[in-house]
Amino acid sequence: MLRKHQILSLASSSNPQRNLNVNSLKLFGFSALFTSTSTSSNPSASPDSSLTSELPDIPSWVSKQNTGTQPSGDDDFVIPSLATWIENHPKVRLFPTKKPETPVEKITKILKCPYPAPEIVVQALNASNLSVSDVSVDQLLKRFSNSWISAYGVFIWAKTQSGYTHTPELYNFMVDVLGKAKMFDLLLDLIEEMKQLKGYINLDTIFKVMRRLANARRFSEAIEVFRRIEELGVEKDVMALNGLLDALVKGDGVEHACEAFVELKECIPLNSSTFNILVHGFCKARRLSDARKILNEMNEQGFQPCTVSFTCFIEAYCREKDFRNVDAILDEMKEKGCRPNAVTYTIIMHARGKAGEIGKALEVYEMMKKDSCSQDSSFYGSLIFILSKAGRLKDADEIFEDMVKQGVKPNALTYNTMISSSCGHSLEEKALKLLKRMEEDSCKPDISTYAPLLKMCCRKKRMKVLNFLLSHMLNNDVSIDHTTYTLLVRGLCNSGKLEQACAFFEEMVLKGMIPKGSICTMLVEKLEKEHMIEAKQKIQELVPNVKEPKITV
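Residues numbered from 1 in each chain as written. Predicted model: local features only at pLDDT ≥ 70, side-chain atom pairs only at ≥ 80, totals over all residues. Heavy atoms only, no water.

Caption draft 1: Focus on the overall build of the protein chain. When helices and strands are counted, the protein chain shows 28 helices and zero strands. Burial analysis of the protein chain (553 residues in total) assigns 54% to the buried set. A sequence separation of at least 24 residues applies to 71% of the contacts in the protein chain between residues at least 6 apart. Looking at the protein chain as shown, the accessible area adds up to about 25,200 Å², and 51% of this sits on carbon and sulfur atoms. (Helix = DSSP H or I, 4+ residues; strand = E, 2+ residues; numbered from the N terminus. Buried < 20%, exposed > 50% of the residue type's maximum accessible area, 1.4 Å probe, protein only. Contact = heavy atoms within 4.5 Å. Areas by Shrake-Rupley, 256 points an atom, 1.4 Å probe, with all protein chains shown as cover.)

Below, the structure written as structure tokens:
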């Protein structure tokens, strides 16, 4: 627990005018209290496997005319204190070596090639004479989870191998990959296949399907999946109903959630979470009077509003920076015997910090202590974020170290906040050391860990470190997604590394990811400016709708 003199010291030295441009912290959503959808942890890559980099080769169609893309001293620079760690990391294989490739390496290299369809991936894997017994299918699927053609190709290939059967968990993972890629016809075919296997479809499967449909705003289809849930071998109970309502609310379909609630409430026994999900949905949509009506109906049905119920309203008022009503809700909670929890206080502190009221934000700690409410990693992460945002990096560092002393282990979100803050201040050594410490703490990085690091490397033209980070991502089975490709293309363009920007752009398109028009236009304009005509024409062939650059006289 933070000592009182520390908090008072932080509050007295608050300086809201100093601002740090860091990525917004995604708070631990209290909506996680509504449903318990578990996610399996990623397996560590085998220590002896030297992996192929995701750094694409420079395409042959990129002209070398642009002098701005020639290697500079920055390209190969590595901070001396980190050189040993980077050099000893599993190496990127750009050229053949005497050491034989492992099966994982061989399949990774095959899958990195762009394919038009999963069937072609299967053909390539069959031609390799590799066996599914030599690799972890789970690891490969996670590694290529943002390239559905490669992932589904592996899934089909493995399924055809004699003596091998996919587990229900792998089927569920594949359902999620196809849903994320909006390949709903294939997803529903896979569900039918799982139905025939008996026992492979569970509540988690249904949650994944409904959530992906709702995220794609296919609300009626998500509801239809729920209606036929019993045909799929899953009980139509309150947990399943709550999963449907939660999916609809998170997909910004609170009206559809309300309609489903009215239709189904007479035939399925409800619980307090059912009402809280709707309260959260209406609060999220800024329809507080409708949220109050649900609260009243909750009372009428014999369920008392709880901490989660009131926290929904607190979050809504925090979003509006209406702290007078936040205080009023806290008073109402106390009157009704509901104690705020760590999530409630974290939301308030985070909102106060974002509003520049650092002193008020830090006073929340005293409120927590008065209520005997323990801090968790989300609280510390939010505190670190608001201090960093105020430019108080030393204070943020002290909080980070103090949470460890208090027995609260930093999680990925905490590390991501620290790394983002360091990158925002161009503290390259500190940011990379945090990634190294994260590795030593066995804390699994995610795509949000790498994004600010990759952006910083592009800005500083640290190509060797960029290559290392891409290899580090691959080692941790973190797949490059659409947002990360966009970040890389934009960052490399802005740094004059047009050859590398073209390489990532081509890989992105060939993986079936459609670039934003602004990225296409920016790349074409940069290539035009540097007289890289062949490369410009190729980009326009890859994305035919890209606009011609404006010619200024």
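Caption draft 2: Representation of the packing of helix α6 (residues 148-159) against helix α7 (residues 168-180) within the structure. Running from amino to carboxyl end, α6 crosses α7 at an angle of 150°, the nearest separation of the two axes being 10 Å. When the axes of α6 and α7 are compared, the pair comes out roughly antiparallel. When the axes of α6 and α7 are compared, the crossing they make is left-handed. Taken together, the residues of α7 that come into contact with α6 (itself represented by Trp148, Ala151, Tyr152, Phe155 and Lys159) are Leu170, Tyr171, Met174, Val177 and Leu178. Looking at the contact of α6 with α7, its residues break down into nine nonpolar, no polar and one charged. (Axes fitted to C-alpha atoms, helices over the stretch in contact; angles between N-to-C directions. Parallel < 35°, antiparallel > 145°, perpendicular 65-115°, else oblique. Left-handed = near helix turned anticlockwise from the far one by under 90°. Nonpolar A, V, L, I, M, F, W, Y, C, P; charged D, E, K, R; others polar.)

Caption draft 3: Structural detail: the UniProt feature "repeat: PPR" (unreviewed entry) in the protein chain. UniProt tags residues 271-305, 306-340, 341-375, 376-410, 411-445 and 481-515 as "repeat: PPR" (unreviewed entry). Secondary structure content for residues 376-410 is 74% helix and 0% strand, while the C-alpha to C-alpha distance between its ends is 9 Å. As annotated, residues 411-445 comprises 74% helix and 0% strand, and the C-alpha atoms at either end are separated by 9 Å. (UniProt positions renumbered as here; feature names shortened; annotations may be inferred.)

Caption draft 4: Layout of helix α22 (residues 428-440). With 13 residues, α22 ought to run about 18 Å at 1.5 Å a step, and its terminal C-alpha atoms sit 19 Å apart, in line with that. Among all positions of α22, only Glu428, Ala431, Leu432, Leu434, Leu435 and Met438 are buried. Buried residues along α22 cover an arc of 150° about the axis, so they all sit on one side. On the buried face of α22, the contacting elements are α2 (80-88), α20 (393-405), α21 (412-424), α23 (447-460) and α24 (463-475). Of the residues trailing α22, serine 442 is marked for its positive phi of about 55°. (Expected span 1.5 Å × (residues − 1). Arc of directions from axis to C-beta.)

Caption draft 5: The arrangement of the packing of helix α26 (residues 498-510) against helix α27 (residues 517-529) in detail. Where α26 contacts α27, the two axes come as close as 11 Å, and the packing angle between them is 145°. As α26 runs across α27, the sense of the crossing is left-handed. Counted together, Leu498, Ala501, Cys502 and Phe505 of α26 and Ile519, Cys520, Leu523, Lys526 and Leu527 of α27 form the full contact between these two elements. Class assignment of the residues belonging to the contact of α26 with α27 gives a composition of eight nonpolar, no polar and one charged.

Caption draft 6: Region of the structure containing a positive patch on the surface. A grouping of Lys455, Arg459, Arg490 and Lys516 is seen on the molecular surface, where their side chains present a positively charged patch. Following the sequence through the fold, arginine 459 ends up in helix α23. (Patch = residues over 30% accessible without salt bridge, like charges linked within 9 Å, V, L, I, M, F, W, Y side chains within 5 Å. Salt bridge = Lys/Arg side-chain N within 4 Å of Asp/Glu carboxyl O. Lys, Arg positive; Asp, Glu negative; His and termini not counted. Charge placed at Lys NZ, Arg CZ, Asp CG, Glu CD.)

Caption draft 7: Fine view of the packing of aromatic side chains. Counted according to the given criterion, the structure contains nine aromatic pairs. Here phenylalanine 275 and phenylalanine 303 contribute two aromatic rings whose centre-to-centre distance is 5.7 Å and whose plane-to-plane angle is 40°, an arrangement assigned as tilted. Of this pair, phenylalanine 275 sits in helix α13 (residues 272-284) while phenylalanine 303 sits in the loop between α14 (288-300) and α15 (307-319), placing them 28 residues apart in sequence. The class of phenylalanine 275 is buried, set by a relative accessible area of 0%. Classification of phenylalanine 303 as partly exposed rests on a relative accessible area of 23%. Joined through ring pairs, the aromatic side chains of Tyr152, Phe155, Tyr171 and Tyr200 make up one cluster. Between the NZ or CZ atom of arginine 292 and the centre of the ring of phenylalanine 313, over which it lies, the distance is 4.7 Å. Above the ring of phenylalanine 323, the side-chain terminus of arginine 352 is found at 4.1 Å from the ring centroid. (Phe/Tyr/Trp six-rings, centres within 6.5 Å; stacked < 30°, edge-to-face > 60°. Lys NZ or Arg CZ within 6 Å of the ring centre and 35° of its normal.)

Caption draft 8: Quick peek at the side chain of lysine 536. Looking at where lysine 536 falls in the secondary structure, it is placed in helix α28 (residues 533-542). At a separation of 3.0 Å, a polar atom in the side chain of lysine 536 contacts the side chain of glutamate 528. (Polar contact = N/O pair within 3.5 Å; in protein donor to acceptor, adjacent residues only side chain to side chain.)

Caption draft 9: Representation of the nonpolar core. Core analysis: the biggest nonpolar cluster contains 176 residues, and Leu469 and Phe505 have the highest contact counts within it. Ignoring anything within four residues of it in the chain, the contact list for phenylalanine 505 reads Val489, Pro515, Ile519, Cys520, Leu523, Ile539, Leu542 and Val543. (Core = buried A, V, L, I, M, F, W, Y, C linked by side-chain atoms within 4.5 Å.)

Caption draft 10: Looking closely at the pattern of salt bridges. The final tally for this structure, using the stated rule, is 34 salt bridges. Lysine 265 is paired through a salt bridge with glutamate 297; the nearest N and O atoms lie 2.9 Å apart. Placement of lysine 265 in the loop between α12 (254-264) and α13 and of glutamate 297 in helix α14 is noted, with a sequence separation of 32 residues between them. Here lysine 265 falls in the partly exposed class, since its relative accessible area comes to 26%. Through salt bridges with shared partners, a single network forms among Glu255, Arg287, Asp290 and Lys293.

Caption draft 11: Main features of α14. Helix length check: α14 (13 residues) gives 18 Å between terminal C-alpha atoms against 18 Å at 1.5 Å per residue, within 8%. Along α14, the positions that sit buried rather than exposed are Asp290, Ala291, Ile294, Leu295, Glu297 and Met298. With its buried residues spanning 160° around the axis, α14 presents them on a single face. The exposed residues of α14 that point more than 90 degrees off its buried face are Ser289, Lys293 and Glu300. Contacts made by the buried residues of α14 are with α12, α13 and α15. Glycine 302 lies just past α14 and shows a positive phi near 90°.

Caption draft 12: Spatial organisation of the confidence of the model for the protein chain. Here the protein chain averages 85 in pLDDT, while 85% of its residues score no lower than 70. By mean pLDDT, helix α1 (residues 4-12) is the weakest element of the protein chain at 53, and helix α11 (residues 238-250) is the strongest at 98. Here residues 92-98 is a poorly scored stretch, pLDDT under 50, and it has ten contacts once near neighbours within four places are set aside; other chains count. (pLDDT = per-residue confidence, 0-100.)

Caption draft 13: Inspection of the side chain of arginine 462 at higher detail. Looking at the element boundaries, arginine 462 is found in the loop between α23 and α24. Residues within four places of arginine 462 in sequence aside, it is in contact with Asp74, Asp75, Phe77, Glu428 and Cys457.

Caption draft 14: The arrangement of the environment of arginine 227 in detail. Inspection of the secondary structure assignment puts arginine 227 in helix α10 (residues 219-227). Separated by 37 residues in sequence, arginine 227 and leucine 264 have C-alpha atoms that sit 9.6 Å apart.

Caption draft 15: How the structure looks around unusual backbone geometry. Its identity is not glycine, yet lysine 182 carries a phi of approximately 60°, on the positive side. As for its position among the elements, lysine 182 is in the loop between α7 and α8 (184-197).

Caption draft 16: Representation of the environment of glycine 199 within the structure. Residue placement: glycine 199 occurs in the loop between α8 and α9 (203-215). Sequence separation between glycine 199 and leucine 232 is 33 residues; the distance between their C-alpha atoms is 9.2 Å.

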